[in-house]
Amino acid sequence: MAVLTMAKAINDGLRAAMERDPKVLVMGEDVGKLGGVFRVTDGLQKDFGEQRVLDTPLAESGIIGTAVGLAIRGFRPVCEIQFDGFVFPGYDQIVSQLAKLHFRSQGKVPMPVVVRIPFGGGIGAVEHHSESPEALFAHVAGLKVVACSNADDAYWMIQQAIASDDPVIFFEPKRRYWDKAEVDVSATPPPLHTSRLVRPGSALTLVGYGPVLKTCLEAATAAAADGTELEVIDLRTLSPLDLDPVFDSVRRTGRLVVVAEAPSEVSVAAEVAARVQEQCFHSLEAPVLRVTGFDTPYPPSKCEEDFLPDLDRVLDAVDRSLGW
Amino acid sequence: MSVPQSWTPVTSADTAVPSHDQVVAGLKATDEGGADLVQLLTPEGERVTDPRFDRYAADIDLDTLKNLYRDMVLVRRFDREGNALQRQGQLGIWVPLLGQEAAQVGSGRALAPQDMAFPSYREHGVAWTRGVDPTDLLGIFRGTDHGTWDPIEKRFHLYTIVIGNQCLNATGYAMGQKFEGKVGDGSDAEATICYFGDGATSQGDVHEGFVWAAVYDAPVVFYCQNNQWAISEPTERQTRVPLYKRAQGYGFPGIRVDGNDVLACLAVTRWALEECRTGNGPVLVEAFTYRMDAHTTSDDPTRYRLADELELWKLKDPIERVRVNLVREHGVEQGFFDGIQAEADELAARFRQFCVDMPPPAPDRMFSKVYAEPSPTLEAQREAFLAYHASFEGA
């Protein structure tokens, strides 16, 4: 058992995957000598060489488009997009080629490519460095989308994503990169596309993923001090969603609050709410509520405290649900 | 009327911005031949020499030339059948290659078995040279699938419809060839060829492909068929300078070949592939040709170009010049040509019959192979749809 930051846990996961399979490549801007702007790929180029850890030209379509070609050749590229807001030049290649080649070829050309994207706000950054575009990927058939929330999951999930024969968009909550947690490198991890009940409770179900999971757990701790036990579920997989644990929970608690940093309209949180009302209609004691970012562009950083779902906004929603 | 002088980007102040006439003159400067246009067979069917590229066509004997002729006639024949099948409602659309047979057959026949090709969506002639049966193309245009050949086995990727995307995919593949040590003097050396058109050269992905291929020394031949028209837009809507000259700015060679000359296309592509296989890639080849038919069967070229232009290009027909050469320089008898025509008609008949016999896809075809590892959500959707579908049985 080791205590690692999430950044180091992903680094260790990448290293393990690269040691296991010589076809695994890491590619992106500044991922080599610098080790990535968040140091997630620190030391990998030194140990695996420039043909396995590629400092690429500064072009996101190029990163994804060449990764697609390398995958056709039999490689398993892991692409780093430096920041969430920079993925869009690569979006065409992701949607038009990466997501569709397996279907287009009817399985003859698998696309085992991972696209790592540090996402979300809370770091006081300039524009385009704090976005949560996961719904734009979860909406695309052919892609799989996951978001880790802690170091232990990050260590395992990155390896599982690399081992997957489907393209996986891998969201890393950048404001949690330096949070430490115990990582059990000898454990048997749960399958990649499963959500996880992380704190049992009976009064209300709180569902989140990525950076807000910590906020959800803090809310549950605060509510417990008032005698209200919240059940917290970490979605982990955004496409496909694994909602059976959520349905089970809501059938017991009757109440659901979904938390996410992304804007609420047509979001992952909206999909969770829709599916829960389809499956748990007679169990619901209150409308499903969402606590999310607002439907604005990500604001200047001096506004982000108000934009991001925080402890008070989550507890406010919990109170509204319980008071229904 | 004086012919406008073409423009070159020099520093002399009064020519900083070219006139439209100067741009067009530059783009078509080699139209009738000229120092920069590689040609081994003139439109009149005369074999001419080229000091640089003759040796890449030195082994082309009469039988090989006959085979190239056969390739082009057969490809044109099933291409025409594709047009007819669309007009008769058997295909939703067809993308004709008429006029580009030499550019495609010449380059395709330059490939070694181990080389990889990335087509756009008009490369039926290249598909032919890779051993893809023409009937494997039909589903794309009939709407039953997206191409049924095995791209890995045939070393011919599936058609890419988003303009320019494949230039990056091809570059990545070529990088992989290099990473695997397949570049060099060995007999197992490999290269990649990437097909795209003049319109695609405006796409960012083509630019990025050039940049990436250059910085990684990727063994990729960028093979641009400049057929003069991107649907309705002429080449001067894409560029000020002839396209082959762009390569210089990226740091690799660019060359313009007569795209209606199958021998020149074969020789130049052989050279370009050899450069790539031996570590001197990438290379840009501009095959200067003409789209003699519409962009697709949905297009109407009479709205944007003059019939005179087509008539001029008919005089440079890629097949006719080979036929003339076979007759005049090799004394090939009419019986040979009749035999090829009969074979072409048989191919077209088989192509047609296959098309009309194609069954519609199964109702749950759309759910097939979306993922390598099934998605439970999608599986549930498929089951619900099939149950719904079954509820109509017997109704």
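Residues numbered from 1 in each chain as written. Chains lettered and ligands numbered in written order. Predicted model: local features only at pLDDT ≥ 70, side-chain atom pairs only at ≥ 80, totals over all residues.

Further remarks concern the overall build of chain A. The helix and strand tally for chain A stands at 12 helices and 14 strands. The C-alpha radius of gyration computed for chain A amounts to 19 Å, which stays within 12% of the reference 20 Å derived for 324 residues, consistent with globular compactness. Every one of the 324 residues in chain A was classed for burial, and the buried ones make up 58%. Contacts spanning at least 24 positions in sequence make up 79% of the contacts within chain A whose residues lie at least 6 apart. (Helix = DSSP H or I, 4+ residues; strand = E, 2+ residues; numbered from the N terminus. Rg over C-alpha atoms; globule rule 2.2 N^0.38 Å. Buried ≥ 20, exposed ≤ 12 C-beta atoms within 10 Å, placed from the backbone. Contact = placed C-beta atoms within 7 Å.)

Moving on, we get to the pairing of strand 8 (residues 283–288) of chain B. Residues and elements named next belong to chain B. Most of strand 8 is tucked away, with 6 of its 6 residues classed as buried. Going residue by residue along strand 8, you find Val283, Val285 and Ala287 tucked away on one face and Leu284, Glu286 and Phe288 tucked away on the opposite face as well. Summarising the sheet, strand 4 (residues 220–226) and strand 8 pair through 6 bridges and their orientation is parallel. Its bridge partner lying in strand 8, Cys224 is registered against Glu286. Strand direction decides the pairing type here: strand 7 (residues 254–258) and strand 8, joined by 5 bridges, are parallel. (Pairing = 2+ DSSP bridges.)

Contacts between the two partners involve 34 residues from chain B and, on the opposite side, 34 residues from chain A. Elements with a minimum of two residues in the side of chain B that touches chain A: helix 6 (151–154), helix 7 (165–179), helix 8 (204–215) and helix 14 (376–390) of chain B. In terms of residue count, helix 7 of chain B provides more of the side of chain B that touches chain A than any other element does, 11 residues in total. By residue class, the composition of the side of chain B that touches chain A is 17 nonpolar, 12 polar and 5 charged. (Nonpolar A, V, L, I, M, F, W, Y, C, P; charged D, E, K, R; others polar.)

Let us now look at the domain arrangement of chain A. Residue and element names in this part refer to chain A. Here the domain parsing of chain A yields domain 1 (2–183) and domain 2 (196–322). Each partner contributes to the interface: domain 1 provides 23 residues, whereas domain 2 provides 21 residues. Among the secondary structure elements, those contributing two or more residues to the side of domain 1 that touches domain 2 are helix 6 (134–138), strand 6 (144–147) and strand 7 (168–173). Counting residues per element, the side of domain 1 that touches domain 2 draws most heavily on strand 6, which supplies 4 residues. Of the residues assigned to the side of domain 1 that touches domain 2, the class counts are 10 nonpolar, 7 polar and 6 charged. (Domains from an automatic or database assignment.)

Another point: the packing of helix 4 (residues 91–98) of chain A against helix 7 of chain B. At their nearest, the axes of helix 4 of chain A and helix 7 of chain B sit 11 Å apart, and the two run at 80° to each other. By the angle between their directions, the pair helix 4 of chain A and helix 7 of chain B is classed as roughly perpendicular. Between helix 4 of chain A and helix 7 of chain B, the residues in contact are Gln93(A), Ser96(A) and Gln97(A) and Asn165(B), Leu168(B) and Asn169(B), respectively. Broken down by class, the residue content of the contact of helix 4 of chain A with helix 7 of chain B amounts to 1 nonpolar, 5 polar and no charged. (Axes fitted to C-alpha atoms, helices over the stretch in contact; angles between N-to-C directions. Parallel < 35°, antiparallel > 145°, perpendicular 65-115°, else oblique.)

All names here are of chain A. Strand 2 (residues 24–28) sits mainly inside the fold: 5 of its 5 residues count as buried. Every second residue of strand 2 is oriented toward a common face, with Val24, Val26 and Gly28 on one face and Leu25 and Met27 on the other, all of them buried. Bridge count between strand 2 and strand 4 (residues 76–80): 5 bridges; the pairing is parallel. Counterpart to Met27 in the pairing with strand 4 is Cys79. Sheet analysis places strand 2 next to strand 3 (residues 53–55), joined by 3 bridges and oriented parallel. Among the inter-strand pairings, Val26 is bridged to a residue of strand 3, identified as Val53.

In this section: unusual backbone geometry. For the bond running from Ser239(A) to Pro240(A), omega is -5°, close enough to zero to count as cis. A cis amide bond links Gly281(B) to the next residue, Pro282(B), at an omega of -5°. The topology assignment puts Pro282(B) in the loop between helix 10 (262–277) and strand 8. At Gln106(A), a position not held by glycine, the phi torsion is positive, near 50°. Phi at Val266(A) takes a positive value of approximately 55°, unusual for a residue other than glycine. Residue class for Val266(A) comes out partly exposed when judged on the 13 C-beta atoms lying within 10 Å of it.

Here the focus is the sheet that holds strand 7 of chain A. All names here are of chain A. As summarised here, the arrangement of the 7 strands in space is 3-2-4-5-7-6-12, forming an open sheet in which the pairing is mixed. Whereas interior strands pair on both sides, the edge strands pair on one side only; in this sheet they are strand 3 and strand 12 (237–239). Taken over all neighbouring pairs, the strand axes of this sheet differ in orientation by 20° on average, direction set aside. Across 3 bridges, strand 4 lies against strand 5 (residues 114–119) in parallel orientation.

This part covers the domain arrangement of chain B. The accessible area lost on association of the parts is a frequent measure of interface size. Domain annotation of chain B identifies domain 1 (18–357) and domain 2 (366–395). Centre-to-centre, using C-alpha coordinates, domain 1 of chain B lies 41 Å away from domain 2 of chain B.

It is worth spelling out helix 3 (residues 60–73) of chain A at this point. Between its first and last C-alpha, helix 3 of chain A extends 20 Å over 14 residues, near the 20 Å set by a 1.5 Å rise per residue. In terms of residue burial, helix 3 of chain A counts as a mostly covered element, since 14 of its 14 residues are buried. (Expected span 1.5 Å × (residues − 1).)

All right, on to helix 7 of chain B then. All names here are of chain B. Here helix 7 is 15 residues long and its end C-alpha atoms lie 22 Å apart, about the 21 Å a rise of 1.5 Å per residue gives. A large share of helix 7 lies buried, amounting to 14 of its 15 residues. Among the residues trailing helix 7, Gly181 stands out with phi positive, at a value near 75°.

Below, the discussion takes up the sheet that holds strand 14 (residues 289–293) of chain A. Within a sheet, adjacent strands bond to each other through the backbone by hydrogen bonds, running parallel or antiparallel. Residues and elements named next belong to chain A. Ordered by their spatial adjacency, 5 strands build an open sheet running 9-11-10-13-14, and the pairing between neighbours is mixed. With partners counted over all chains shown, the strands left at the sheet margins are strand 9 (196–199) and strand 14, one partner each. Ignoring strand direction, the axes of neighbouring strands in this sheet form an average angle of 25°. In terms of strand pairing, strand 10 (residues 204–208) meets strand 13 (residues 256–263) through 3 bridges, oriented parallel.

This paragraph deals with the packing of helix 2 (residues 62–87) of chain B against helix 12 (residues 318–330) of chain B. Residues and elements named next belong to chain B. Where helix 2 meets helix 12, the axes come as close as 10 Å, and the angle between the chain directions of the two elements is 150°. In terms of their interaxial angle, helix 2 and helix 12 are classed as roughly antiparallel. Our pair here, helix 2 against helix 12, has a crossing hand that is left-handed. Between helix 2 and helix 12, the residues in contact are Leu62, Leu65, Lys66, Leu68, Tyr69, Met72, Val73 and Arg76 and Pro318, Ile319, Val322, Arg323, Leu326 and His330, respectively. For the contact of helix 2 with helix 12, a count of residues per class yields 10 nonpolar, 1 polar and 3 charged. (Left-handed = near helix turned anticlockwise from the far one by under 90°.)

The subject of this paragraph is the environment of Asn165(B). With respect to the secondary-structure elements, Asn165(B) resides in helix 7. As a C-alpha pair, Asn165(B) and Gly209(B) span 44 residues in sequence and 9.0 Å in three-dimensional space.

The next point concerns the environment of Leu213(A). Residue and element names in this part refer to chain A. For Leu213, the location among the structural elements is in helix 8 (residues 212–225). Classification of Leu213 as buried rests on a count of 27 C-beta atoms within 10 Å. Sequence spacing of Leu213 and Pro191 is 22 residues, and the spatial spacing of their C-alpha atoms is 19 Å. Among all residues touching Leu213, those that are not within four sequence positions of it are Ser149, Gly208 and Asp234.

In this structure, Val146(A), Val257(A), Cys194(B), Val221(B), Val268(B) and Val285(B) are the most contacted members of the largest nonpolar core, which totals 197 residues. If you tally residues by element for this core, the top one is helix 10 of chain B, at 11 residues. If sequence neighbours within four positions are ignored, Val146(A) has contacts with Met157(A), Ala161(A), Val168(A), Phe170(A), Phe171(A), Leu192(A), Arg236(A), Thr237(A) and Leu238(A). (Core = buried A, V, L, I, M, F, W, Y, C linked by C-beta atoms within 7 Å.)

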